[in-house]
Amino acid sequence: MKRILFLTNYASPYRVRFFDELGKSAQVTVLYSDRRGTLSHRDEKWFEEGDGGFRSVQLSGAIGKGRRTLCFSVLRWLKRDYDAIIVAGYSSPTAILAMLWMRLLGIPFYMEIDGGLIRESTGARYQIKRFLVRLPSGWLTTGKYPTHFLTHYGADPERIIEYPFSSLFSGDILPEVPTRAQKQAMREKLGIPEKRMILAVGQFIYRKGFDVLLHGAKALPSDVGIYIVGGEADERYTKLREELGLENVHFWGFRPRQELAELYQAADVFCLPTREDIWGLVINEAMAFGLPVVTTEQCVAGLELVENGVNGYLVPIEDPDALSESLNRVLSADMEAMGRASLQKIQGYTIEKMAQAHLDLVKEKE
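So, how was this worked out
- Residues numbered from 1 in each chain as written.
- Predicted model: local features only at pLDDT ≥ 70, side-chain atom pairs only at ≥ 80, totals over all residues.
- Heavy atoms only, no water.
- Pairing = 2+ DSSP bridges.
- Helix = DSSP H or I, 4+ residues; strand = E, 2+ residues; numbered from the N terminus.
- Axes fitted to C-alpha atoms, helices over the stretch in contact; angles between N-to-C directions.
- Core = buried A, V, L, I, M, F, W, Y, C linked by side-chain atoms within 4.5 Å.
- Buried < 20%, exposed > 50% of the residue type's maximum accessible area, 1.4 Å probe, protein only.
- Contact = heavy atoms within 4.5 Å.
- Salt bridge = Lys/Arg side-chain N within 4 Å of Asp/Glu carboxyl O.
- Expected span 1.5 Å × (residues − 1).
- Patch = residues over 30% accessible without salt bridge, like charges linked within 9 Å, V, L, I, M, F, W, Y side chains within 5 Å.
- Areas by Shrake-Rupley, 256 points an atom, 1.4 Å probe, with all protein chains shown as cover.
- Polar contact = N/O pair within 3.5 Å; in protein donor to acceptor, adjacent residues only side chain to side chain.
- Parallel < 35°, antiparallel > 145°, perpendicular 65-115°, else oblique.
- Left-handed = near helix turned anticlockwise from the far one by under 90°.
- Nonpolar A, V, L, I, M, F, W, Y, C, P; charged D, E, K, R; others polar.

**Quick look at the sheet that holds strand 10 (residues 196-201)**
Piece 1. Spatially, the six strands line up as an open sheet ordered 12-11-10-13-14-15, and their pairing is parallel. The open sheet has two free edges, formed respectively by strand 12 (249-252) and strand 15 (312-315), since each of these has just one partner strand. In this sheet, adjacent strand axes meet at a mean angle of 20° when their direction is disregarded.
Piece 2. Judged from the four bridges that link them, strand 11 (residues 224-229) and strand 12 form a sheet pairing that is parallel.

**With respect to the nonpolar core**
Piece 1. Within the largest apolar cluster, 67 residues are counted, with the highest numbers of intra-cluster contacts made by F6, L199, Y264, F270 and I283.
Piece 2. When residues in this core are grouped by element, the largest group, seven residues, is from helix 13 (residues 351-363).
Piece 3. Residues within four places of F6 in sequence aside, it is in contact with R15, F18, F19, L22, V28, T29, V30, L31, I86, E112 and H358.
Piece 4. Ranked by size, the runner-up nonpolar core spans 32 residues in total, among them V74, L97, L150 and A155.

**Some points on helix 1 (residues 13-22)**
Piece 1. Along helix 1, 10 of the 10 residues are buried, which leaves the element largely enclosed by surrounding structure.
Piece 2. Close packing links the buried residues of helix 1 with strand 1 (3-8), strand 2 (27-32), strand 7 (110-112), helix 8 (257-266), helix 9 (281-288) and helix 13.

**Overview of the environment of M111**
Piece 1. Topologically, M111 is positioned in strand 7.
Piece 2. Considering only alpha carbons, one finds M111 and A301, 190 residues apart in sequence, at a separation of 19 Å.
Piece 3. If we skip the residues at most four places from it in the chain, M111 touches V87, G89, Y90, M99, L132, V133, P136, G138, W139, L140 and L150.

**A closer look at the pattern of salt bridges**
Piece 1. Tallied over the full model, the rule gives 20 salt bridges.
Piece 2. Linking K24 and E21 is a salt bridge whose minimum nitrogen-to-oxygen distance equals 2.9 Å.
Piece 3. It is possible to trace a salt-bridge network through shared partners that takes in R15, E112 and D114.

**Considering the sheet that holds strand 9 (residues 160-162)**
Piece 1. Read from one edge of the open sheet, seven strands run 3-2-1-6-7-8-9, paired in parallel fashion. Two strands lie at the open edges of the sheet, namely strand 3 (55-58) and strand 9, each paired on one side alone. On average, adjacent strands in this sheet sit at an angle of 20° to one another, irrespective of strand direction.
Piece 2. Where strand 6 (residues 84-88) lies against strand 7, three bridges are found, and the strand directions are parallel. Opposite V87, over in strand 7, you have M111 as the bridge partner.

**Details of helix 2 (residues 93-105)**
Piece 1. Helix length check: helix 2 (13 residues) gives 18 Å between terminal C-alpha atoms against 18 Å at 1.5 Å per residue, within 8%.
Piece 2. All of the buried residues in helix 2 are T94, A95, L97, A98, M99 and M102.
Piece 3. Where helix 2 is buried, its residues contact strand 1, strand 5 (70-71), strand 6, strand 7 and helix 3 (124-133).
Piece 4. The positive-phi residue at the C-terminal boundary of helix 2 is G106, with phi of around 75°.

**Structural notes on a nonpolar patch on the surface**
Piece 1. Taken together, W101, L104 and L105 make up a surface patch of nonpolar side chains, about 300 Å² in accessible area.
Piece 2. Within the secondary structure, L105 sits in helix 2.
Piece 3. The exposure class of L105 is partly exposed, given its relative accessible area of 38%.

**Thoughts on the pairing of strand 13 (residues 269-272)**
Piece 1. Burial along strand 13 is two-sided: V269 and C271 facing one way and F270 and L272 facing the other are all buried.
Piece 2. Pairing geometry for strand 10 and strand 13, over two bridges, is parallel. From the neighbouring strand, L199 faces strand 13, where its bridge partner is F270.
Piece 3. Where strand 13 lies against strand 14 (residues 293-296), three bridges are found, and the strand directions are parallel.

**Topic: the side chain of S167**
Piece 1. Along the chain, S167 turns up in the loop between strand 9 and helix 5 (180-190).
Piece 2. Look at S167 and you get buried, because its relative accessible area is 2%.
Piece 3. Within the structure, S167 has its side chain in polar contact with the side chain of E285 (distance 3.0 Å).
Piece 4. When neighbours within four sequence positions are excluded, S167 is seen to be in contact with Y14, R17, D172, L281, E285 and I351.

**Some words on unusual backbone geometry**
Piece 1. Even without being a glycine, E318 presents a positive backbone phi close to 60°.
Piece 2. Positionally, E318 belongs in the loop between strand 15 and helix 11 (320-332).
Piece 3. Using a relative accessible area of 43% as the deciding quantity, one classes E318 as partly exposed.

**A look at the side chain of E21**
Piece 1. Mapped onto the elements of the fold, E21 is located in helix 1.
Piece 2. The contacts of E21, once residues within four sequence positions are left out, are F169, I351, E352 and A355.

**Quick notes on the packing of helix 6 (residues 210-217) against helix 11**
Piece 1. Put simply, helix 6 and helix 11 touch, their axes get as near as 8 Å, and they point 65° apart. Regarding the angle of helix 6 to helix 11, the classification is roughly perpendicular. Here helix 6 runs over helix 11; the crossing is right-handed. Here V212, L213, H215 and G216 of helix 6 come into contact with helix 11, specifically with P320, L323, S324 and L327.
Piece 2. Its residues placed into classes, the contact of helix 6 with helix 11 shows five nonpolar, three polar and no charged.

As structure tokens, this is what we get:
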């Protein structure tokens, strides 16, 4: 059985599911550099323990915390007797140390990125990023936009492998779009009074752009409920909602997967007004429930998965007027047809296919 070593920051739920699936066909060891307790931006209920299909190692001797954690203990794990060593990302101190060490010893390894947005720069920051991106023997990435990101910083396009990035098993994808009656029944179950519903999911942080959605909500019909789910809204958002008189905007805190699934089934359209997301797995999840999607041109999942007028719209960031216009377009369009287009597109993005792409990588080395 093939042996694969991963280095990543922490045990995010989608990664745990992926490692479990990959562990059915390979011996998988995963090194974590960050501890849960240092991740103040994540609700403890967000994490998942997994099914034990892989070896999980919390690196010891950490210096610092969060994204600045440096674990020298990673060095003793970096050996040639793995069929593949994969480093997730390139910016954490532990990842940088590991890559420099393997490059020095001539140990081949891959860099894996979930996505990437090019930042125009020519100074020291650009040169450092270019140096780090060029360290691996090969690269794994999630589509044409992340591939362009890597080649922009010097990666060899001939050694880049694209794979379908997902947090979903094939069984998580609905076989068909819920009917209006089914959506209405779910809204009644959840206590949602509005006739139509826009769902947004994410942390209440500036980057997610929920303030832009609130400003855009002024131009939406009053019978459309806007539900922002995923964290506790601080005073900035509650005050803005009050100032704008948005009685149809609701802030719901963190919801576990099952409750979140019901919200996806109740919604008519999904919105992620992000200022920047190097991927945005909530886009995958919304499409798996047959939802049209409105997101921004700075969301890589949107760039890869959303086609204007087919299964949603992409809008500029910081533009509440464009956001509300696109949401109104979807609400007045054939939402069921747009939802079917989302379901059809997302069929290719499953954890099973993600795992198979990684297995194909090590099989090619035989």
